[in-house]
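So the chains spell out like this:
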Amino acid sequence: AYLWWQWIKAGEVQSLQEIAEREGLDKPQVTRRVRLAFLSPNLIGPILDGLQPAGLSLKTLTREIDLPLDWADQEELFTSLT
């Protein structure tokens, strides 16, 4: 997601559809996943360390919850997943 966001900011791609074509995904998958570029830093560390709540998965993040953009709201939501 971060790489894709960098492509967008740098003007390397013009749309999520272009990312989807580059990555061999469909646009809805890219749309759901690009939101992860805005995940709270307080959540990224534990995820990268494998310490995320048991109920947290890519599917949870991209399909099962409406991920808020506000980091405090994200952190509160993740606390409820434990």
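Let us look at the structure shown here. (Residues numbered from 1 in each chain as written. Predicted model: local features only at pLDDT ≥ 70, side-chain atom pairs only at ≥ 80, totals over all residues. Heavy atoms only, no water.)

## Brief notes about the overall build of the protein
So the rule is basically this: In DSSP terms, a helix is any run of H or I states spanning at least four residues, a strand is any run of E spanning at least two, and both are numbered starting from the N terminus. Exposure classes here rest on a 1.4 Å probe applied to the protein chains alone. A residue is buried below 20% of its type maximum, exposed above 50%, and partly exposed in between. What makes two residues a contact is simply this: any of their non-hydrogen atoms within 4.5 Å. In this description, accessible areas are obtained by the Shrake-Rupley approach with a 1.4 Å probe, and a residue is regarded as covered only by the protein chains that are shown. In this charge count, Lys and Arg are treated as positive and Asp and Glu as negative; neither His nor the chain ends contribute. One atom stands in for each charge, and that atom is NZ of Lys, CZ of Arg, CG of Asp or CD of Glu.
Regarding its fold elements, the protein presents six helices and zero strands. Reading the protein from its N terminus to its C terminus gives the helix and strand order α-α-α-α-α-α. If you line up the protein on its principal axes, its C-alpha atoms span 35 × 20 × 20 Å. Within the protein, the fraction of its 82 residues that count as buried is 26%. Within the protein, residue pairs in contact and separated by at least 24 positions form 56% of the contacts whose partners lie at least 6 positions apart. Carbon together with sulfur atoms contributes 54% to the accessible area of the protein, which is approximately 5300 Å² in total. Charged side chains of the protein number 8 positive and 12 negative; the gap between the two group centres comes to 7 Å.

## Side note on the packing of helix 1 (residues 2-10) against helix 2 (residues 16-23)
Convention followed: To obtain an axis, a line is fitted to C-alpha atoms, over the contacting stretch when the element is a helix, and the angle between two such axes runs from 0 to 180 degrees between their N-to-C directions. Angle categories are assigned with fixed cut-offs, so that under 35 degrees is roughly parallel, over 145 is roughly antiparallel, 65 to 115 is roughly perpendicular, and the rest are oblique. Handedness of a crossing follows from how the near helix is turned relative to the far one, being left-handed for an anticlockwise turn of less than a right angle and right-handed for a clockwise one. Under the scheme applied here, ten amino acids are nonpolar (Ala, Val, Leu, Ile, Met, Phe, Trp, Tyr, Cys and Pro), four are charged (Asp, Glu, Lys and Arg), and all others, including Gly, are polar.
Where helix 1 contacts helix 2, the two axes come as close as 11 Å, and the packing angle between them is 130°. With respect to helix 2, the element helix 1 is oriented oblique. By crossing handedness, the relation of helix 1 to helix 2 is classed as right-handed. Here Trp4, Trp7 and Ile8 of helix 1 lie close against helix 2, whose contacting residues are Leu16, Ile19, Arg22 and Glu23. Split by residue class, the contact of helix 1 with helix 2 holds five nonpolar, no polar and two charged.

## Brief notes about helix 4 (residues 41-48)
In plain terms, the rule: Here a polar contact means two N or O atoms within 3.5 Å. Within protein one must be a hydrogen donor candidate and the other an acceptor candidate, and residues neighboring in sequence count only if both atoms are side-chain atoms.
The N-capping residue of helix 4, defined by a side-chain oxygen 3.1 Å from the backbone nitrogen of Asn42, is Ser40. Phi turns positive, to about 75°, at Gly50, one or two residues after helix 4.

## Topic: the environment of Trp5
In this fold, Trp5 is placed in helix 1. Each residue touching Trp5, except ones within four places of it in the same chain, is listed here: Ala37 and Phe38.

## Things to note about the side chain of Ser40
Following the sequence through the fold, Ser40 ends up in the loop between helix 3 (27-34) and helix 4. Take Ser40: its relative accessible area is 0%, and that puts it in the buried class. Only 2.6 Å separates the side chain of Ser40 from the side chain of Glu75, close enough to count as a polar contact. The residues contacting Ser40, other than those within four sequence positions of it, are Trp71, Gln74 and Glu75.

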